[in-house]
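What follows is the residue order along each chain.
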Amino acid sequence: MAKVVLENVTKRFGDVVAVKDANIDIPDREFVVLVGPSGCGKSTTLRMVAGLEEVTEGNIYIGDTLVNDIPPKDRDIAMVFQNYALYPHMDVYNNMAFGLKLRKFPKDEIDRRVKEAARILGIENLLHRKPKELSGGQRQRVAVGRAIVREPKVFLMDEPLSNLDAKLRVQMRAELSKLHNRLQTTIIYVTHDQVEAMTMGDRIVVMKDGVIQQIGAPLEIYHKPKNIFVAGFIGSPAMNFVEVVIRKDEQGRYWVEHEAFKLRIPDEKVRELQDLPKYVDKKAVFGIRPENIEDAAIVPDGREDATFVANVDVVEPMGAEIFAYLNLGDQSVVARFDPASTVQDGQQVRVYFQMEKMYLFDPETEEAVA
Amino acid sequence: MRVSRSWTWSFVAPALFFLGLYLVYPTLATIHTSFLDRHGEGWVGLTNYVYAFTSPAMRTAFRNNLLWMVVFTTVTVGLGLLLAVLTDRVRYEGVAKSIIFLPMAVSFVGAGVIWKFVYAYNPPGANQIGLLNQIVVALGGEPVGWLLEQPWVNNLALIMVGIWIWTGFAMVILSAAYKGIPKELKEAARVDGASEWQLFWHVSLPYIQSTIAVVATTMIINVLKIFDIVYVMTNGNFGTEVLANRMYKEMFQFRNFGRAGAVAVILFLAILPLMLLNIHRFRRQEVER
């Protein structure tokens, strides 16, 4: 159990910068998720914490120890790999016991820990099987078990669920969360799946092109994304972005104007966006999440100045919800309608934007308008 | 589509015919000959086998084949593995491996001739044309009869030549297997707390053990059949006789068909189980893939 601190950490492979000036402060017992598209440097960051990659610049601390020059075996960490990396010639028991044997633990202690971990993970009946005799989900459990028995200061998990099928992934996701509650250990978890990040992390670190974009609790990142990338990455389906012009009328009301619509920005939102006056008569990127677009026929109390008519391109009924692809001039946005909506392909529909949930970004910097 | 049985056989028949003609028939004929006299005419029962297991020449050959088997196999596999692991970490891996593999391209006879020069011996005082003895003399030592001093020096000197040729081969095969070890597996072991040595011993080595076994059995088969090096360098004199060379001598120098046949059968029977083992392993690997 220990905190982990990354201080101005940079990793270069030749001329390529994989991770740039990363600062992350992970308190003890936190479950932190590094998320981003492939190649964003999240795995490299994790591997630097593990000691499998050298740090080019900056410092990494585990507990209070500077670990830059400490080899992986002496860092007291355990890692779960994407492809599990089980030792093929050892049975499940020995796969889990290997790390303890190397550390010269007494036999009965090893036995106790392995059996305890096997019990927690429900793999007691597999202890004498070889990895090749196990299914993907079982291998996954063994890989986690191998980490648990070590009782390390920090767990590192590199996309541990991405080789599992969708159903099993959801199940293991919940189990790993439970496991964290039970073990109360610091976990650093890497994934490209924003759903995993949202559901499992105490905090999320969103990365792109080797640069940390935002660090925060899942809902904080969801509600207050710092820039267009984070806004588009977190949430499914992704947030819609439309280029608009900000207008201010004689009554001092603010509007977002697009060829397909002109919608009023509610007063409380105007108060929130202190830099808004700077964008008057200028371009801005307007963001709205699919779940914040409604079929006006179903939400009759929607404000008129946030309602307009759009052409429906395609409708995807999902059962519990309906995804409607709307044409706004040359752009397409996705709306998540209530299943009661009766829109059809090719129809026109009156849509209502929940403008109090809108986002606004600077088109140059792509940062959220403060 | 159903294919009639006779149709199937007609495809297999040519291969079966030639295998029978060139493999099965000679084998059976050799076994038959091994029970006949020196002209391959009169039945002599087990006489040739009695000779093969009791005569001093043959006992020397057995001893030497055993020596070859142990030393040659251990060194080629061990050294090959060591080189496979070491070259994996050097910058000019390709160049280093090519150089080590190069002797494989030299024929055994050629290698025999080359090493005969290296081992050449002149009595003390005379000019040493042999590289090895020149070095020994230059360092102030007495020249050594590398191919004369029996039983250890000359046999080991011959085995050295075999090792020089075959180590590169063992290295290449083992290196391919070593490179096949998944990177994550090594990383997992490092995180688990393994030192480089423990990693090699507990993870890498078990991972490539079946390849090691295949290379080792291949080497043993090689060594049981060893002939060219001995034939060229000593012709089995000074206690360096081996089975294959003895077989050749019985057949083509002493014209004793029966004895040559018996030695051939013994060699065949010695190699057979190893061959089967290799085939079995190979099949199992195919299944696992």
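Cut-off values and rules
- Residues numbered from 1 in each chain as written.
- Chains lettered and ligands numbered in written order.
- Predicted model: local features only at pLDDT ≥ 70, side-chain atom pairs only at ≥ 80, totals over all residues.
- Helix = DSSP H or I, 4+ residues; strand = E, 2+ residues; numbered from the N terminus.
- Buried ≥ 20, exposed ≤ 12 C-beta atoms within 10 Å, placed from the backbone.
- Contact = placed C-beta atoms within 7 Å.
- Pairing = 2+ DSSP bridges.
- Axes fitted to C-alpha atoms, helices over the stretch in contact; angles between N-to-C directions.
- Nonpolar A, V, L, I, M, F, W, Y, C, P; charged D, E, K, R; others polar.
- Core = buried A, V, L, I, M, F, W, Y, C linked by C-beta atoms within 7 Å.
- Domains from an automatic or database assignment.

As for the overall build of chain B
In terms of helices and strands, chain B carries 13 helices and 0 strands. Going from the N terminus to the C terminus, chain B shows its helices and strands as α-α-α-α-α-α-α-α-α-α-α-α-α. Along the first, second and third principal axes, the C-alpha set of chain B runs to 80 × 70 × 30 Å. Every one of the 289 residues in chain B was classed for burial, and the buried ones make up 31%. Contacts spanning at least 24 positions in sequence make up 68% of the contacts within chain B whose residues lie at least 6 apart.

Considerations on the sheet that holds strand S11 (residues 240–248) of chain A
Whenever strands of a sheet pair, they do so through backbone hydrogen bonds, lying parallel or antiparallel. All names here are of chain A. Pairing within the open sheet is antiparallel, and its 5 strands lie in the order S13-S12-S11-S14-S20. The open sheet terminates on both sides in strands that have one partner only, identified here as strand S13 (262–265) and strand S20 (359–361). Across the sheet, the mean angle separating the axes of adjacent strands is 40° when strand polarity is ignored. Examined bridge by bridge, S11 and strand S14 (residues 283–288) share 6 bridges and lie antiparallel to one another. Each residue of the ladder has a partner; that of Glu243, found in S14, is Val285.

Points about the interface of chain B and chain A
With 15 residues of chain B at the interface, the matching set in chain A holds 17 residues. For the side of chain B that touches chain A, the secondary structure elements donating two or more residues are helix H8 (183–192) and helix H9 (196–207) of chain B. Ranked by the residues each element gives to the side of chain B that touches chain A, the list is headed by H8 of chain B, at 7 residues. The class makeup of the residues in the side of chain B that touches chain A is 8 nonpolar, 3 polar and 4 charged.

Regarding helix H1 (residues 42–50) of chain A
Most of H1 of chain A is tucked away, with 9 of its 9 residues classed as buried. Trailing H1 of chain A by a residue or two, Gly51 of chain A shows a phi angle of about 90°, which is positive.

With respect to unusual backbone geometry
All names here are of chain A. A cis amide bond, omega -5°, links Ser236 with the succeeding residue Pro237. If you trace the backbone, Pro237 turns up in the loop between helix H8 (228–233) and S11. The phi angle at Lys104 is positive, at roughly 60°, despite the residue not being glycine. Here Lys104 lies in the loop between helix H2 (92–102) and helix H3 (107–121). Positive phi is not limited to glycine here, since Asp209 has a value of about 50°. Considering the arrangement of structural elements, one finds Asp209 in the loop between strand S9 (203–208) and strand S10 (211–216).

Looking at the pairing of strand S6 (residues 77–80) of chain A
All names here are of chain A. Neither face of S6 is left uncovered, since the one carrying Ile77 and Met79 and the one carrying Ala78 and Val80 both have all their residues buried. Relative to strand S7 (residues 154–158), S6 is paired through 4 bridges, and the arrangement is parallel. Paired with Ile77 across the strands is Val154, a residue of S7.

Observations concerning the nonpolar core
In terms of nonpolar packing, the biggest core is built from 116 residues, with Val33, Met79, Leu156, Ile188, Val205, Val206 and Val351 of chain A touching the most fellow members. When residues of this core are assigned to domains, at least three fall in each of domain 1 (4–233) and domain 2 (240–361) of chain A. Membership of the second largest hydrophobic core comes to 47 residues, among which are Phe72, Ala157, Ile208 and Leu243 of chain B.

Some points on the environment of Asn83 of chain A
Residue placement: Asn83 of chain A occurs in the loop between S6 and H2. Since 18 C-beta atoms lie within 10 Å of it, Asn83 of chain A is described here as partly exposed. Put simply, Asn83 of chain A and Arg139 of chain A are 56 residues apart on the chain and 9.0 Å apart in space, counted from C-alpha to C-alpha. Contact partners of Asn83 of chain A, with chain neighbours within four places excluded, come to Asn163 of chain A together with Glu184 of chain B.

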